[in-house]
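Structural overview for review
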Amino acid sequence: MRWLTIMGALALGSATPVPEAPTPFLLQPAAVFDGIDGRVHAGWQVLVRGDRIVAVGPGLSVPVGTRVIDLAGATLMPGMIEGHGHLFLHPYDEAKWDDQVLHEPLALRTARAVANARATLRAGFTSERDLGTEGAGYADVGLKEAIDRGIVDGPRLSVATRAIVALGAYGPKGFEPGVIIPQGAEEVSGPEEMTAAVRRQIAAGADWVKLYADYRWRPSEPSRPTLSLDEIRAAVVAAHDAGRPVAVHASTPEGMRRAVEAGVDTIEHGYGGTQAIFATMAAKGVALCPTLAAVDATARYGGWKGSEPAPAAVRASRDSFRLALAAGVPICMGGDVGVFAHGTNAREMDLMAAAGMTPTQVLIAATSGNARWMRLGNHVGAVKPGLLADLVAVAGDPTTDLAALRAIRLIMRNGAVIAMAE
Ligand SMILES: [Zn+2]
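Computed from a prediction, not measured in an experiment: that's the story for all the values here.

Time to look at the pattern of salt bridges. Summed over the entire model, instances satisfying the criterion amount to 21 salt bridges. Measuring nitrogen to oxygen at the nearest pair gives 3.5 Å for the salt bridge that ties Arg122 to Asp153. A residue pair is termed long-range when its members are at least 10 positions apart, and Arg122 in helix H3 (residues 106–122) and Asp153 in the loop between helix H4 (139–148) and strand E8 (156–159) qualify at 31 residues. Counted as one network, the salt bridges with shared partners bring together Asp230, Arg233, Glu254, Arg257, Arg258 and Glu261.

Now the structure itself:
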């Protein structure tokens, strides 16, 4: 009986039509930046078949029928990865955050997120970690699925759904206290409610759990710790049990200290980080998303024209970034895009370079670096055989001038050509 079953399966297998093998692509740029070794390899080629990179190097032998894509003068590099974005937000000089959360219909926000995802991919960002819909519920889960199914264009997404805040600590705020105002994240009080919220969000599709460890309790007061150490610990236990990492918004030293002690995976912003906290983060391998561009954009919305000395908040963000760099903290490339326009994600990369990283370090952070701490290193973030063919070609050499990232010649995601400039 068992034998017959196996024979049946074999017969069925041989009757199944063999799918036509996809046409291989040979990409011929001036050079390849593989996202790992920091070098620009002149004369290298990349062979892509199906959704994968199959060979990288000079003088590749290629199968008959290979389509050659000539990228003379261009550097081919891994598709970039946005480490901290909000596709359901748009720049605050277009509409205040409160108004986006309270007045924009969910369908409008979702339609805008589709356009934002497209703009992101077209800027060469083939993956993105989206750290909360800010009042748009679980719509990120549906957007991710629409991208995965090829219904709309966008980066491959890791999503956080609603995010989690301490009861009463988030926003919109400043209304008549007797009126219940919808919030930009899910509120919890106590470790039990935290555990329940983490589980609810993971069940709904969260790839990451996002917490706010500090915030302004009342409008226009400074940030103070919000979640207790026990609450953050409860989130980490529930999330890690489910195989999901934890990202924490923290800008005060105490909020950061609690988050790091609780065992979280990334700290977002970290503007108030001290040498001691960054040393602990480096020792534990906790990555920092410095979100320099969010501070820069917010200062400009407030009237700053970019002259030095910069406003205090901008200087604080640069100082903490430099402290983190010096301490050896893994640096995420994540700008908090959404505060500023989707598709201008490279703005964060310019600011990282201006604050002390070399262009090569910035490029590694935005590719294999982000892939590593996002646990995607076996799939994306490098030009390496076996990895998914998420590739970008830019005119010129981005390791000498990041401005090359604005001159995109080719975008490939999953081995499919998304856009190509002649
Ligand atoms: Zn954010």
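Next up on the list: the sheet that holds strand E6 (residues 80–85). What the three strands build is an open sheet, ordered E6-E7-E8; its pairing is parallel. Among the strands making up the open sheet, the edge pair consists of E6 and E8. The average angle at which neighbouring strand axes cross in this sheet is 15°, direction not considered. Against the sheet, helix H12 (residues 359–373) engages E6 and strand E7 (125–130), with an angle of about 55° to E6.

Another point: the side chain of His86. Relative to the helices and strands, His86 resides in the loop between E6 and helix H2 (97–103). Once residues lying within four places of it in the same chain are set aside, the contact partners of His86 are Glu128, Asp130, Leu131, Gly132, Glu134, Lys210, Asp336, Val337, Gly338 and His342.

For the rest of this paragraph, the subject is the packing of H3 against H4. For the pair H3 and H4, the least separation of the axes is 11 Å and the interaxial angle reads 40°. Between H3 and H4, the angle is such that the two are oblique. Of the two possible hands of crossing, H3 and H4 adopt the one that is right-handed. Listed contacts from H4 to Leu106, Thr110, Ala113, Val114 and Ala117 of H3 are Ala139, Leu143 and Ile147. Partitioned by chemical class, the residues of the contact of H3 with H4 number seven nonpolar, one polar and no charged.

Conventions adopted
- The residue numbers shown here count from 1 along each chain, following its written sequence.
- Totals for whole chains, interfaces and linings use every residue, but because this is a predicted model, local features are given only for residues with pLDDT of at least 70 and side-chain atom pairs only at 80 or more, for both listing and counting.
- Side-chain numbers here rest on the full set of heavy atoms in the structure, without hydrogens or water.
- One side-chain nitrogen of Lys or Arg within 4 Å of one carboxyl oxygen of Asp or Glu is enough to make a salt bridge.
- Helix numbers and strand numbers start at the N terminus; a helix is a DSSP run of H or I with at least 4 residues, a strand a run of E with at least 2.
- What makes two strands pair is DSSP finding at least two bridges between them.
- Note on definitions: angles span 0 to 180 degrees between N-to-C directions of axes, and those axes are lines fitted to C-alpha atoms, for helices only across the stretch in contact.
- Working rule for contacts: check all heavy atoms of both residues, and any pair within 4.5 Å makes them a contact.
- Geometric relationships in this document are graded by angle, where less than 35 degrees denotes roughly parallel, more than 145 denotes roughly antiparallel, 65 to 115 denotes roughly perpendicular, and other angles denote oblique.
- Whether a crossing is left-handed or right-handed is set by the direction in which the near helix is turned from the far one by less than a right angle, anticlockwise for left-handed and clockwise for right-handed.
- Only Asp, Glu, Lys and Arg are considered charged, only Ala, Val, Leu, Ile, Met, Phe, Trp, Tyr, Cys and Pro nonpolar, and every remaining residue, Gly among them, polar.

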